[in-house]
Every structure is written in C-alpha cells, then in structure tokens.
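Below, each chain spelled out in residue letters.
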Amino acid sequence: MKEVSQIFSTAYREKRKNLLENEAKAVCKAYNIPVTRFDVALSMSDAFRMADEIGYPVVLKIVSPDILHKSDIGGVALNLNNPEELERGYGKILKKVKENKPDAKIAGMLVQEMAPKSTEVIVGTIKDKQFGQSIMFGLGGIFVEVLEDVSFRIAPVTKQEAKLMIKEIKAYKVLRGYRNQPPLDTEIIAEIITNTSRFVTEYQEVEELDLNPIIVYEKGAKTVDARIILE
Ligand code: ADP
Ligand code: MG
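What comes next is a walk through the structure. (Residues numbered from 1 in each chain as written. Chains lettered and ligands numbered in written order. Predicted model: local features only at pLDDT ≥ 70, side-chain atom pairs only at ≥ 80, totals over all residues. Heavy atoms only, no water.)

Residues in close proximity to ligand 1 total 20 residues, the closest being Lys-61, Ser-71, Gln-112, Ala-115 and Asp-225. In this structure, an oxygen atom belonging to ligand 1 sits 2.4 Å away from a side-chain N or O atom of Ser-71. In this structure, an oxygen atom belonging to ligand 1 sits 2.8 Å away from a side-chain N or O atom of Asp-225. With the chains in place, 83% of the 540 Å² that ligand 1 exposes on its own is no longer accessible. Every element with two or more residues in the shell around ligand 1 is listed here: strand S2 (58–63), strand S3 (76–80), strand S4 (108–113) and strand S8 (206–216). In terms of residue class, the shell around ligand 1 is built from eight nonpolar, five polar and seven charged. (Near = heavy atom within 4 Å. Polar contact = N/O pair within 3.5 Å; in protein donor to acceptor, adjacent residues only side chain to side chain. Areas by Shrake-Rupley, 256 points an atom, 1.4 Å probe, with all protein chains shown as cover. Helix = DSSP H or I, 4+ residues; strand = E, 2+ residues; numbered from the N terminus. Nonpolar A, V, L, I, M, F, W, Y, C, P; charged D, E, K, R; others polar.)

Attention now goes to the environment of Val-146. As for its position among the elements, Val-146 is in the loop between helix H5 (142–145) and strand S7 (150–154). Classification of Val-146 by relative accessible area gives exposed; the value is 56%. Val-146 sits 32 residues away from Tyr-178 along the chain, and the two C-alpha atoms are 22 Å apart. (Buried < 20%, exposed > 50% of the residue type's maximum accessible area, 1.4 Å probe, protein only.)

In this section: the nonpolar core. In a soluble, globular protein the nonpolar side chains are often hidden away together inside. Among the nonpolar cores identified, the biggest contains 44 residues, and Phe-8, Phe-137, Ile-193 and Phe-199 are the most heavily contacted of them. The dominant element in this core, judged by the number of residues it contributes, is helix H8 (residues 186–202), at seven residues. When neighbours within four sequence positions are excluded, Ile-193 is seen to be in contact with Val-123, Ile-135, Phe-137, Val-157, Ala-162, Met-165 and Ile-166. Counting residues in hydrophobic clusters, the runner-up holds 20 residues, among them Leu-60, Ile-62, Leu-80 and Met-109. (Core = buried A, V, L, I, M, F, W, Y, C linked by side-chain atoms within 4.5 Å. Contact = heavy atoms within 4.5 Å.)

Side chains of Ile-142, Val-146 and Leu-147 sit close together on the surface and give an oily, nonpolar patch of about 310 Å² of accessible area. By the element assignment, Ile-142 lies in helix H5. Looking at Ile-142, the relative accessible area reads 55%, which means it is exposed. (Patch = residues over 30% accessible without salt bridge, like charges linked within 9 Å, V, L, I, M, F, W, Y side chains within 5 Å. Salt bridge = Lys/Arg side-chain N within 4 Å of Asp/Glu carboxyl O.)

Taking strand neighbours across the sheet as the criterion, the four strands line up as S1-S4-S2-S3 in an open arrangement whose pairing is antiparallel. Each edge of the open sheet carries a strand with a single partner, namely strand S1 (38–41) and S3. Neighbour to neighbour, the strand axes of the sheet diverge by 20° on average, direction disregarded. Note: S2 against S3, three bridges, orientation antiparallel. Among the inter-strand pairings, Val-58 is bridged to a residue of S3, identified as Leu-80. (Pairing = 2+ DSSP bridges. Axes fitted to C-alpha atoms, helices over the stretch in contact; angles between N-to-C directions.)

Structure, rendered in structure tokens:
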C-alpha cells in the first residue's frame, strides 16, 4: 500500500525504528482499523483549530521519536474540555517533557478525540524467529499484564480464527456481556485482528505492533494508542 510504504521510507530515512503514534495510526487507517480522529499540531494555534475541528473533549500527546512511553514522562493530557484547558494541557506537556527528557526532539503535538470510557482490549504482534508474524489478543490492564490471559495465533489469521481467539481468553465473559453489562462489539474486534494480520503479513519488516488500548463499545471500537516497531 502506497501510504504505508511512504511512512516506512520516511522512518528509515530518518533512521527511526519506531513509528510515531500519528504514523502508526495512519497505517491502521490504511488497513481499516478504527482509530480516534487525530491531527498533528506544530503550534498552539494549530492545536486550537484542530480541537475545534475534532470537537471537545480532546486529548493532547507529545510526538517525539525519542519518547516511546508518553504518559511515563507526563506527555499525555486527557479530557481537555475547552480552549482554556487545551492551552493549559499544551503548556504542561511541554514543561514536563523539558523536565523529564530535555534532549528529546519534539516533532509536534498530537490532538485527538477523547474516546469515551469502556472496556479496553489489546491486539499485538511479534515477529517470532521460528514462527514468523504472530498475533496476540487480550483484555487491557491487569488481564494481560498480571493474569497473562491472552490468546495467540500465527499469521495469517482468518476471521473465523480471530473469533476463536476472542472466545478463548478467560475474560471473554466481560466481552460477551454479564449481569446488566450489554455485549460488546466482538465482530469489530475480529475485523481488527484479521486486518492487523493482513498488515504484518504484507509488511514482514514489522518487528512489533501494539494496539494498546483499543476501546470497545456495544457498536464499534477505537484504537487510542498504536505503536509499530520496524526491524
Ligand atoms: P503511552 O505512550 O504512555 O502508552 P497512551 O497514548 O497509551 O500513552 O495514553 C495513556 C492512556 O491514556 C491510555 O492507555 C488510555 O487509557 C488513555 N488514552 C490515550 N488516548 C486516549 C484517547 N484518545 N481517548 C481516551 N483515552 C485515551
Ligand atoms: Mg499506550
């Protein structure tokens, strides 16, 4: 795909292995993986205009090739409800980044829609030495990190296989609905898994991918953070 190849060449030209979040999300869009609306601001006035276009509340995130874990260093401001909060958030992020990572090159500020709260899931890939591109699925937070409640497949993954991956995890009940919790859109999760599989199958130079988290609703889902690492 042309836009994906262009993003990869830019990264290689700049001697980067990590795609920026906006680049990773552009790749997602090219593969029909739903992401939050976003744009990259280079100034405060850009940010005001973009937030107006996207609609409040918005999220701001630092864009830097030197920062992989943005919130660890204060590089994320959530739930900004109006221009005043936006301006404050913008200043605060720049201040924190200067304090915590003074040498980081700043490429801009990502302005994106604030996705409403719901259940978070993770889709990831790694390129295994033996098996090649492999896909992982699990629920966000402690489910993956503490309980290691995940399912794996070797790519390519069909939609049918993707549905089995979703049902396989212990926390499937959370997605299926329980008590007065309505069922969540597992169809869209299966699509995200197969589209991710298609992407890493077509681009073998992807070493690692992390859609973490994807927020899932009764209808639809939104990837709010995406990381892609190239070989
Ligand atoms: P990090 O680089 O630290 O992983 P993230 O982009 O994942 O930064 O942001 C940290 C957390 O903030 C996410 O795990 C998610 O819970 C929340 N978050 C990030 N972006 C959004 C968004 N657009 N809408 C809602 N919540 C978000
Ligand atoms: Mg994240």
